[in-house]
Amino acid sequence: MPTSNTLLCPLDKQPLTLESRSLKCASGHGFDLAKSGYVNLLPVQNKRSKDPGDSKEMVASRKSFLELGHYQPIADCIVSYVLDRFSPAKSLRLFDAGCGEGYYLNYLESACIEKNYDTDLIGLDISKWAIMAASKSNKSIQWVVGSNADIPLGNGSLEVVTCLFGFPMFTEFSRVLSQNGILLLVDAGAEHLIELRKILYSNIHDYEDGLATGINGFSLIDEQNLKFTFGLQSPQEIQNLLSMTPHIHKAPYSGKEALKKIEKLDLTADVKLRWYVKNTVISESD
Ligand SMILES: C[S@@+](CC[C@H](N)C(=O)[O-])C[C@H]1O[C@@H](n2cnc3c(N)ncnc32)[C@H](O)[C@@H]1O
């Protein structure tokens, strides 16, 4: 197991221990490690659909898009913040909630190795396709199929939780973070992929900042607005980008047909990164 953090049984929350290639709890629930090393901790009864999360096609499209490196400025921003804030002397326990096929976690790991940081990284996603792809790309990170709504980790067991373009569950994030633990939320700003949206929709809705809606138990400590441009050079690259965004489901047929005719596209990335610290709970006796 690449993590020394204890994973918990999704059925009764007891610690899981590794016996040959299976994780077992004291009550005898068992979860086999896949050949590529990931573990599926999403019990059937917790699934809202047969194949939850991003589909195999969406995962493949996002992987192809991210491998082009256009979103590297986002990854660089995360790396420099994390390396500045934490010392290489202590193992950094970081969890990526809704990690997709692991682009950002892989990038962070490479940077940490280069700077001699000791890390314990866990990526979780509800899509088995995403985790299958992630686990094939990197065996030194622990990849888990599971839900942000029920994170299979103990209270206070992490220094950092990241949630990029995902589905934050603040109560769970707060529970698994240690005192002074850091939460990073990343989401689209007002101008994000505006050129794509102008082709897809006849009316562009006013921007609503929903990034931290419902956040509780955290204080904002830093905010970065990252804006940069990049170019897509073929209809296939454009379709890959479309397929990894919610517009693949939301956009009208006419918009998607119009996009198919575009050969090349220059785009704006407009991304918000918000860093929070977990609020300290002061007990009445303090
Ligand atoms: C837009 S993608 C972002 C993936 C990755 N964070 C990135 O930025 O490349 C959102 C991801 O959240 C996953 N997801 C959706 N609901 C989830 C949940 N309840 N718990 C964990 N992951 C979830 C999807 O399967 C998908 O991989």
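The preceding data block contains the structure.
Residues numbered from 1 in each chain as written. Predicted model: local features only at pLDDT ≥ 70, side-chain atom pairs only at ≥ 80, totals over all residues. Heavy atoms only, no water.

Draft legend 1. Looking closely at the overall build of the protein chain. Secondary structure summary: the protein chain contains nine helices and 11 strands in total. Against the compact-globule benchmark of 19 Å for 286 residues, the protein chain has a radius of gyration of 19 Å, which places it among compact chains. Each principal axis of the C-alpha distribution contributes one length, and for the protein chain these read about 60 × 45 × 35 Å. Within the protein chain, the fraction of its 286 residues that count as buried is 50%. Intrachain contacts of the protein chain at a sequence separation of at least 6 include 70% that bridge at least 24 residues. When the accessible surface of the protein chain is split by element, carbon and sulfur atoms take 51% of a total near 14200 Å². Distance between charge centres in the protein chain, computed from 29 positive and 34 negative side chains, equals 6 Å. (Helix = DSSP H or I, 4+ residues; strand = E, 2+ residues; numbered from the N terminus. Rg over C-alpha atoms; globule rule 2.2 N^0.38 Å. Buried < 20%, exposed > 50% of the residue type's maximum accessible area, 1.4 Å probe, protein only. Contact = heavy atoms within 4.5 Å. Areas by Shrake-Rupley, 256 points an atom, 1.4 Å probe, with all protein chains shown as cover. Lys, Arg positive; Asp, Glu negative; His and termini not counted. Charge placed at Lys NZ, Arg CZ, Asp CG, Glu CD.)

Draft legend 2. Broad picture of the sheet that holds strand β3 (residues 30-32). Ordered in space as β1-β2-β3, the three strands form an open sheet in which the pairing is antiparallel. Strands at the two margins of the open sheet, each flanked by one partner only, are β1 (17-19) and β3. Put simply, the sheet's adjacent strands are angled 30 degrees from each other on average, direction ignored. (Pairing = 2+ DSSP bridges. Axes fitted to C-alpha atoms, helices over the stretch in contact; angles between N-to-C directions.)

Draft legend 3. Molecular detail of the environment of alanine 134. Tracing the sequence through the fold places alanine 134 in helix α4 (residues 128-137). In the structure, alanine 134 is positioned 81 residues away from isoleucine 215 in sequence and 28 Å away in space, judged by C-alpha atoms. Among all residues touching alanine 134, those that are not within four sequence positions of it are Gly100, Glu101, Gly102 and Trp143.

Draft legend 4. Spotlight on helix α1 (residues 56-67). For α1, built from 12 residues, the straight-helix expectation of 16 Å at 1.5 Å per residue is met to within 8% by its first-to-last C-alpha distance of 17 Å. Those residues of α1 that are buried are in contact with α3 (103-114), α4, β10 (218-232), α7 (235-243) and α8 (247-250). Just downstream of α1, glycine 69 is the residue with a positive phi angle, here 85 degrees. (Expected span 1.5 Å × (residues − 1).)

Draft legend 5. Up close: the sheet that holds strand β8 (residues 158-164). If you trace the eight strands from one edge of the open sheet to the other, you get β4-β7-β6-β5-β8-β9-β11-β10, paired in mixed fashion. Unpaired on one side and paired on the other, β4 (39-40) and β10 mark the two borders of the sheet. Judged from the four bridges that link them, strand β6 (residues 119-125) and strand β7 (residues 142-145) form a sheet pairing that is parallel. Bridging across to β7, glycine 123 finds its partner in tryptophan 143. In this fold α4 packs onto β6 and β7, with an angle of close to 165 degrees to the strand it touches most, β7. Along the sheet, α7 makes contact with β10 and β11 (265-278), crossing β10 at roughly 160 degrees.

Draft legend 6. Structural detail: helix α2 (residues 72-85). With 14 residues, α2 extends 20 Å from end C-alpha to end C-alpha; this agrees with the ideal 20 Å at 1.5 Å per step. Those residues of α2 that fall on the buried side of the exposure criterion are Ile74, Ala75, Cys77, Ile78, Val79, Tyr81, Val82 and Leu83. Buried residues belonging to α2 abut β5 (92-97), α3, β8, β9 (177-188), β10 and β11.

Draft legend 7. Up close: the nonpolar core. By size, the foremost hydrophobic cluster in this structure holds 57 residues, and its most contacted members are Tyr71, Ile74, Ile78, Tyr104, Phe230, Leu241 and Leu273. Not counting residues within four places of it along the chain, the set of residues in contact with isoleucine 74 comprises Tyr104, Leu164, Phe165, Val186, Leu226, Phe228 and Val271. Membership of the second largest hydrophobic core comes to 29 residues, among which are Phe31, Leu153, Ala212 and Tyr276. (Core = buried A, V, L, I, M, F, W, Y, C linked by side-chain atoms within 4.5 Å.)

Draft legend 8. Focus on the site of the ligand. If you check the shell around the ligand, you find 18 residues, and the closest are Asp54, Gly98, Asp125, Asn148 and Leu164. The contact in question runs from an oxygen atom of the ligand to an N or O atom on the side chain of arginine 62, over 3.4 Å. The contact in question runs from a nitrogen atom of the ligand to an N or O atom on the backbone of glycine 98, over 2.7 Å. Starting from 600 Å² of accessible surface for the ligand in isolation, the protein chains cover 89%. Listed by contribution, the elements that provide at least two residues to the shell around the ligand are α1 and β6. Residues of the shell around the ligand, tallied by class, amount to eight nonpolar, seven polar and three charged. (Near = heavy atom within 4 Å. Polar contact = N/O pair within 3.5 Å; in protein donor to acceptor, adjacent residues only side chain to side chain. Nonpolar A, V, L, I, M, F, W, Y, C, P; charged D, E, K, R; others polar.)

Draft legend 9. Region of the structure containing unusual backbone geometry. A positive phi angle, close to 65 degrees, is found at lysine 13, a residue other than glycine. Inspection of the secondary structure puts lysine 13 in the segment before β1. Notably, leucine 193 is not glycine yet its phi reads approximately 55 degrees, a positive angle. Summarising the element assignment, leucine 193 is placed in the loop between β9 and α6 (194-200).

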